[in-house]
Amino acid sequence: MTAIGIYGSAGRMGRAIADALVEAGARLAGGSEAKDDPAIVARAADVLVDFSTPSALEAHLDAAVAADTPIVIGTTGLSPAHHAAIDAAATRVAILQTGNTSLGVTLLAMLVQEAAARLGPDWDIEIVEMHHRHKVDAPSGTALLLGEAAAAGRGSTLSELRVDSRVGLTGARSEGTIGLAALRGGSVVGDHSVILAAEGERIELSHLAQDRSIFARGAVKAALWLARQPAGRYRMGDVLGL
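So, here is what we can say about the structure in this document. (Residues numbered from 1 in each chain as written. Predicted model: local features only at pLDDT ≥ 70, side-chain atom pairs only at ≥ 80, totals over all residues. Heavy atoms only, no water.)

### Some words on the overall build of the protein
Then comes step 1: Of the regular secondary structure elements, the protein holds nine helices and 11 strands.
Then comes step 2: The principal-axis extent of the C-alpha atoms belonging to the protein is close to 55 × 35 × 30 Å.
Then comes step 3: Counting the 242 residues in the protein, one finds 47% classified as buried.
Then comes step 4: Sequence-distant contacts, at least 24 apart, represent 69% of the contacts inside the protein between residues at least 6 apart.
Then comes step 5: Counting every atom, the protein has about 11600 Å² of accessible surface; 52% of that belongs to carbon and sulfur.
Then comes step 6: On the protein, the mean spot of the 21 positive side-chain charges and the mean spot of the 27 negative ones are 4 Å from each other. (Helix = DSSP H or I, 4+ residues; strand = E, 2+ residues; numbered from the N terminus. Buried < 20%, exposed > 50% of the residue type's maximum accessible area, 1.4 Å probe, protein only. Contact = heavy atoms within 4.5 Å. Areas by Shrake-Rupley, 256 points an atom, 1.4 Å probe, with all protein chains shown as cover. Lys, Arg positive; Asp, Glu negative; His and termini not counted. Charge placed at Lys NZ, Arg CZ, Asp CG, Glu CD.)

Structure (structure tokens):
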């Protein structure tokens, strides 16, 4: 049985992942929180899953590299510096980093990229997401993932096309941009919609998460897949062969 270690084991996602292990035929190698030494779990695990905080990422990457243990990173709110650290660590161990471990969202991102590639710049792209009132980062990692997919479909990057929530007299919408808007309230697990709008018609591609267990199952599936991979940086689409 593959032994999976969990960083952020006491959090909502950490607990959900622990519950999903048995169903997937894996076992828990141990859990770790901010006060703990991450190296202990890294040495005990065949693969790690990190749903903790951005501030803990560097220590977790160091522990994974030192133990030669692959790691799935589902923590959101990462900065360019975090991604640079992931790139460096991925030369030593297998790393899968994603803003969303849902298999449905993974497929949605592919559909968004395909739609953006086939429809011209006269089709405006807007991304709207809603999460529970306790979520601390905005826009969500999933919204950014979908924005990156849309930008890739247009042969560009999200940083070049991104426009965040509009306020005041913003003027007319610039052609080719990708808008992002975030809503917060209640107990919403995660709703994401990508709207492609042209003159006289509109396409909406959406994913509604009704239970946090979908992310846990996807994270475990990704971990079991990553445990067999050589060093490198991977994405959820690789797990599904997309």
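Still more to cover.
### Structural notes on a nonpolar patch on the surface
Then comes step 1: Together, Leu103, Leu107, Met110, Leu111, Leu240 and Leu242 give the surface a local cluster of nonpolar side chains, amounting to about 440 Å² of exposed area.
Then comes step 2: Topologically, methionine 110 is positioned in helix α5 (residues 103-118). (Patch = residues over 30% accessible without salt bridge, like charges linked within 9 Å, V, L, I, M, F, W, Y side chains within 5 Å. Salt bridge = Lys/Arg side-chain N within 4 Å of Asp/Glu carboxyl O.)

### Digging into the packing of helix α3 (residues 57-67) against helix α4 (residues 80-89)
Then comes step 1: Running from N to C, α3 and α4 cross one another at 0 degrees; their axes reach a closest spacing of 10 Å. Overall, the two elements α3 and α4 adopt an arrangement that is roughly parallel. Residues Leu57, Leu61 and Val65 of α3 form the contact with α4, whose own contacting residues are His82, Ala85, Ile86 and Ala89. (Axes fitted to C-alpha atoms, helices over the stretch in contact; angles between N-to-C directions. Parallel < 35°, antiparallel > 145°, perpendicular 65-115°, else oblique.)

### Here we look at the packing of aromatic side chains
Then comes step 1: Throughout the structure, instances matching the rule amount to one aromatic pair.
Then comes step 2: An angle of 85 degrees between the planes, with centres 5.3 Å apart, marks the rings of tryptophan 225 and tyrosine 234 as edge-to-face.
Then comes step 3: On the basis of relative accessible area, tyrosine 234 is assigned to the buried category, the value being 16%. (Phe/Tyr/Trp six-rings, centres within 6.5 Å; stacked < 30°, edge-to-face > 60°.)

### A word on the sheet that holds strand β11 (residues 232-234)
Then comes step 1: Read from one edge to the other, the open sheet built from six strands follows the order β2-β1-β3-β4-β5-β11, with strand pairing classed as parallel. In this open sheet, the two strands that pair with only one neighbour each are β2 (27-32) and β11. The mean inter-strand angle of the sheet, taken between neighbouring strand axes irrespective of direction, is 20 degrees.
Then comes step 2: Looking at chain direction, strand β1 (residues 3-7) and strand β3 (residues 47-50) are connected through four bridges and run parallel. Each bridged residue has a counterpart across the sheet, and for isoleucine 4 the counterpart in β3 is valine 47. (Pairing = 2+ DSSP bridges.)

### Topic: unusual backbone geometry
Then comes step 1: A cis geometry characterises the amide bond from alanine 138 onward to proline 139, with omega recorded as -10 degrees.
Then comes step 2: Take proline 139: it is sitting in the loop between β6 (124-131) and α6 (141-153).
Then comes step 3: Residues other than glycine seldom take positive phi values, yet aspartate 68 does so here, at roughly 55 degrees.
Then comes step 4: Owing to a relative accessible area of 57%, aspartate 68 belongs among the exposed residues under this scheme.

### Things to note about the side chain of serine 32
Then comes step 1: Of note, serine 32 is situated in strand β2.
Then comes step 2: Taking the relative accessible area as the measure of exposure, serine 32 reaches 2% and is therefore buried.

It is worth stressing that arrangement in space is one thing and function is another; only the former is reported here.
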